[in-house]
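Given next are the chains, with one letter for each unit.
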Amino acid sequence: MFKKILIANRGEIALRVIRTCREMGIKTVAVYSTADKESLHVRFADEAVCIGPPPSKESYLNMSRIIAAAEITNADAIHPGYGFLSENAKFSKLCQQHNIKFIGALPEQIEAMGDKATAKSTMIAAGVPCVPGTEGLVTDITVAKKEAKRIGYPVILKATAGGGGKGMRLVWKEEEFQEAFDKASQEAGAAFGNAGMYMEKYILEPRHIEIQIAGDQYGTFCHMSERDCSIQRRHQKLVEETPSPFMTKALRKKMGEAAIKAAASVNYEGVGTVEFLVDKDRNFYFMEMNTRIQVEHTITEEVIDYDLIREQIKIAAGIPISGLNYEPTRHSIQCRINAEDPFNDFRPSPGKITSYHSPGGHGVRVDTHVYAGYTIPPNYDSMIGKLIVSAQTREEAITKMERALSEYVIEGVNTTIPFHLQLMQNEQFRKGNFTTKFLEDFEIVKPKV
Ligand code: ADP
């Protein structure tokens, strides 16, 4: 087992990893930018190394500074968390070259899944159902137009290097195609430094359902059932739950098998997530595979009583997994608490938290790095915490979430708490009637004071 793990991340996930390391008797090293000097992950780790100024490029994305921090502290492994370098093949390789175990996928596995068009071709070859679309990239507009006609409108143009809900453009009819194509490739080039695009059929009103999987170094795989992440705003997840209210036993079995097939086709090792779109007839299509821990891994942990970070560390250390598939035995929901103003188009709201009271009680979990007096820096994403509940049934979980949200006090900045409260009270949500389109028509009512 590893003696010391460096966590190449910040915020709640850095703290989350430190906690498991402590339980496993593994020492930890935090790295931080000067903007995060007062962050809890710095205080909770056994050692901490400042790796640069606030901009991510000069700190959390600076590979040589992170490797140097691992070397001077004698860390024998690096946990990348999510975002930042977690799906960076070059960084995974750099760790190998420095004899430091990267607790994540191998460079060739990240490469196989990182480029979305390549990943799709690999999945088609492996027999995993994919959204109908182009094989490989579309470069020529005339060919692309023909392809769009063949696939059938509406189609969606996607940047092969895209991620985080960015780099996608929907085209409803042929007349709009030229302009959409030009704009999409321009945007992809500017945002990701790679103008490559592929195209697929736009599935109307789908659900986003993903399967958590794990694979060890000996070719054994298992799945840990699904997470429904259909509650999204501009393709970004806001609420996740498991089991999905749309799931059936037969569909779970089929999707679980497909996810394992996807992971096995690239000899995947570690924990990972295979994302699918599911249409109203319960046909499912591979979208992408994330070769890292996800923000929403918590709800899976709650329903199958399993520490996924511990599992990642064990797999990286060469410990075999059982190969058993897991079914949820409870219901869990996570709300992402962002420093954003839900009454103002979710505008980011960084600043100082003047007062903080976190909810508690049976079945309530809060994963966060913030506290009263903490200043949210403007340099990173706006997520300040995750509120997770679990209960015997979906109905009880929603009621518990409502109760927990109403106890949660964060003052000094705006947060998404009022949005989540209104969502939990929405009749359609409570019935489980929602797709990825749900929030487009959802009106957030500003309370009168
Ligand atoms: P990212 O990597 O940026 O998260 P994804 O490919 O996972 O992008 O897609 C993000 C979201 O965009 C999905 O959850 C879904 O809501 C929507 N989406 C993507 N592809 C399609 C499609 N072919 N049809 C309908 N919606 C889609």
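The structure under discussion appears in the preceding block.
Small disclaimer: the values here were computed from a predicted structure and weren't measured.

**Quick look at the site of the ligand**
Within the structure, the ligand sits among 21 residues, and Gly165, Ile203, His208, Gln232 and Glu288 are positioned closest to it. Take Lys116: an N or O atom from its side chain is 3.2 Å from an oxygen atom of the ligand. Note that an oxygen atom of the ligand is positioned 3.1 Å from one of the side-chain N or O atoms of Glu275. Relative to its free-state accessible area of 560 Å², the ligand is covered by the protein chains to the extent of 96%. The set of elements that each furnish at least two residues to the shell around the ligand consists of β6 (155–163), β7 (166–171), β8 (197–201), β12 (270–278) and β13 (284–290). Broken down by element, the residue count for the shell around the ligand peaks at three residues, all from β6. Grouping the amino acids of the shell around the ligand by side-chain chemistry returns seven nonpolar, seven polar and seven charged.

**Observations regarding the pattern of salt bridges**
Applying the stated criterion to the full structure yields 36 salt bridges. As a salt-bridge pair, Arg10 and Asp36 come within 2.7 Å of each other at their nearest N and O atoms. Here Arg10, found in the loop between β1 (4–7) and α1 (11–23), pairs with Asp36, found in the loop between β2 (27–33) and α2 (40–44); they are 26 residues apart in sequence, far enough to count as distant. A relative accessible area of 9% places Arg10 in the buried class. Under the relative-accessibility criterion, Asp36 is labelled buried at 1%. Two residues, Glu402 and Arg430, come together in a salt bridge whose shortest N-O distance is 3.0 Å. Here the residue Glu402 occupies a position in helix α12 (residues 394–407), and Arg430 occupies one in helix α14 (residues 427–431), the gap between them amounting to 28 residues. Arg430 sits in the partly exposed class, given a relative accessible area of 34%. What emerges from the salt-bridge pattern is a single network uniting Glu210, Arg227, Lys237, Glu240, Glu275, Glu296 and Arg336.

**Let's talk about α1**
End to end, α1 covers 19 Å across 13 residues, agreeing with the expected 18 Å (1.5 Å per residue, within 8%). Of all 13 residues making up α1, 10 are buried, and the element is well covered by its neighbours. All of the buried residues along α1 are Gly11, Glu12, Ile13, Ala14, Leu15, Arg16, Val17, Ile18, Thr20 and Cys21. Just downstream of α1, Gly25 is the residue with a positive phi angle, here 75°.

**Points about the state of the cysteines**
For the structure on display, the rule yields zero disulfides. Cys222 takes part in no disulfide bond, and the closest cysteine sulfur, belonging to Cys229, lies 18 Å away. For Cys222, a relative accessible area of 1% corresponds to the buried category. With no disulfide partner, Cys229 has as its closest neighbouring cysteine sulfur the one in Cys335, 13 Å distant.

Cut-off values and rules
- Residues numbered from 1 in each chain as written.
- Predicted model: local features only at pLDDT ≥ 70, side-chain atom pairs only at ≥ 80, totals over all residues.
- Heavy atoms only, no water.
- Near = heavy atom within 4 Å.
- Polar contact = N/O pair within 3.5 Å; in protein donor to acceptor, adjacent residues only side chain to side chain.
- Areas by Shrake-Rupley, 256 points an atom, 1.4 Å probe, with all protein chains shown as cover.
- Helix = DSSP H or I, 4+ residues; strand = E, 2+ residues; numbered from the N terminus.
- Nonpolar A, V, L, I, M, F, W, Y, C, P; charged D, E, K, R; others polar.
- Salt bridge = Lys/Arg side-chain N within 4 Å of Asp/Glu carboxyl O.
- Buried < 20%, exposed > 50% of the residue type's maximum accessible area, 1.4 Å probe, protein only.
- Expected span 1.5 Å × (residues − 1).
- Disulfide = S-S within 2.5 Å.

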